[in-house]
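Inside the fold
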Amino acid sequence: VIRAKAVSAKEVDSGNDIYGNPIKRIQYEIKQIKMFKGPDKDIEFIYTAPSTAVCGRLLDTGGKKEYLIAGKSEGNGKMHITLCDLVSTWDSLSPTQKKSLNQRYQMGCKCKISRCLSIPCFVSSSDECLWTDWAMEKNNVDGRQAKHYACIKRSDGSCAWYRGMAPPKQEFLDIEDP
């Protein structure tokens, strides 16, 4: 998971398919601004399919747009992204999302977020947070929960949604249900 700008793009061959035909990829050269989660080495290139029809992601290469990108890292300065990976412009993130990237989301790494596709839905264990944006906001994957909450592990080992810009209070972590 990185914050980065794409500075150039070119089409490259990345091997052959089972019939011997070359597989084309777009290679974006990027300027990494911050690594949130990943290898110790900076990401230099991001690879994707050449069009959205084959699950490629298109990035603006003017070097002005900053992106939050969650993809698959090879650990050697290369990353791969598809339409299924999170790629958002930095400016489209809410203040809570930006703050949570630095301070909150790591508190939920041992939590599981379970999607609720239609009401009613339930969690099966205390280490789950139920994500209801899809069901409650007409199939919206970028709804209120996604923009304003973080699923964090509490001191009793359970997981719960936390909202807000202030750090969680110790008494919240110990006894309060959100």
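Along each chain, residue indices are assigned from 1 in the same order as the chain's sequence is written. For a predicted model such as this one, the threshold for reporting local features is a pLDDT of at least 70, and the threshold for listing and counting side-chain atom pairs is 80 or more; totals across whole chains, interfaces and linings nevertheless cover every residue. Where side-chain values are given, they derive from all heavy atoms of the structure, hydrogens and water being excluded.

Basically, it comes down to this: UniProt positions are given in the numbering used here, feature names are shortened, and annotations may be inferred rather than shown by experiment.
An unreviewed UniProt entry annotates the protein as Metalloproteinase inhibitor 2 of Chroicocephalus maculipennis. Reading the Subcellular location (unreviewed entry) entry of the UniProt record for the protein gives the comment "Secreted".

1. Here's the deal with helix α1 (residues 95–103)
Here is the rule we go by: Relative accessibility decides the category of a residue: with a 1.4 Å probe and only protein chains considered, values under 20% of the type maximum give buried, values over 50% give exposed, and everything between is partly exposed. In DSSP terms, a helix is any run of H or I states spanning at least four residues, a strand is any run of E spanning at least two, and both are numbered starting from the N terminus. To obtain the arc, one takes the directions from the helix axis to the C-beta atoms. Any two residues whose heavy atoms approach within 4.5 Å at even a single point are treated as in contact.
Among all positions of α1, only Thr96, Gln97, Ser100 and Leu101 are buried. Viewed end-on, α1 has its buried residues packed into an arc of 140°, placing them on one side of the element. Structurally, α1 contributes buried residues whose contacts are with β4 (66–69), α3 (144–148) and β10 (149–153).

2. Brief notes about the sheet that holds strand β3 (residues 45–48)
Quick note on the threshold: The pairing criterion is simple: DSSP has to find at least two bridges between the two strands.
The mixed open sheet is built from 7 strands, whose spatial order is β5-β6-β3-β2-β1-β4-β7. Among the strands making up the open sheet, the edge pair consists of β5 (72–73) and β7 (87–89). Bridge analysis of β5 against strand β6 (residues 78–80) gives 2 bridges, and the strand direction is antiparallel. Within β6, the position partnered with Lys72 by the bridge is His80.

3. Let's talk about the state of the cysteines
Inclusion rule: Pairs of cysteine sulfur atoms within 2.5 Å are identified as disulfides in what follows.
Under the counting rule described, the total for this entry stands at 3 disulfides. In this model Cys111 forms its disulfide with Cys159; the gap between the sulfur atoms is 2.0 Å. Disulfide Cys111-Cys159: torsion about the S-S bond near -90°, hence left-handed. Here Cys111, found in the loop between α1 and β8 (112–115), pairs with Cys159, found in strand β11 (residues 159–163); they are 48 residues apart in sequence, far enough to count as distant. Among the residues examined, Cys111 registers a relative accessible area of 14% and is labelled buried. With relative accessibility at 9%, the residue Cys159 sits in the buried group. Here the disulfide map of the protein reads 1-6, 2-3, 4-5, the bonded cysteines being numbered as they appear in the sequence. As a non-bridged cysteine, Cys84 has Cys55 as the owner of its nearest cysteine sulfur, 5.8 Å distant.

4. So, the environment of Leu59
Considering the arrangement of structural elements, one finds Leu59 in the loop between β3 and β4. Separated by 50 residues in the primary sequence, Leu59 and Ala9 have C-alpha atoms spaced 8.7 Å apart. Discounting residues that sit within four places of it in the chain, Leu59 has contacts with Ala6, Tyr28, Tyr67, Ile69, Ile81 and Val87.

5. Points about the packing of aromatic side chains
Quick note on the threshold: Ring pairs are drawn from Phe, Tyr and Trp, using the six-membered ring of Trp, whenever the two centres fall within 6.5 Å, and their geometry is named by plane angle: stacked under 30 degrees, edge-to-face over 60, tilted for the rest.
Enumeration according to the criterion identifies 2 aromatic pairs in this entry. Here the aromatic rings of Phe36 and Trp90 are separated by 6.2 Å at their centres, their planes lie at 10°, and the arrangement is stacked. Taken together, the residues Phe36 in the loop between β2 (22–35) and β3 and Trp90 in the loop between β7 and α1 connect sequence positions 54 residues apart. For Phe36, a relative accessible area of 21% gives the class partly exposed. The exposure class assigned to Trp90 is buried, which follows from its relative accessible area of 8%. Arranged with centres 6.5 Å apart and planes meeting at 45°, the rings of Phe45 and Tyr47 form a pair that is tilted.

6. So, unusual backbone geometry
Generally, phi is negative for residues other than glycine and the peptide bonds are trans, each holding for most cases. Cis geometry marks the peptide bond from Ile119 to Pro120, where omega comes out at 0°. Within the element layout of this structure, Pro120 appears in the loop between β8 and β9 (128–131). Non-glycine residue Cys55 carries a positive phi angle of around 70°. Checked against the element boundaries, Cys55 lands in the loop between β3 and β4. What makes Cys55 partly exposed here is its relative accessible area of 38%.

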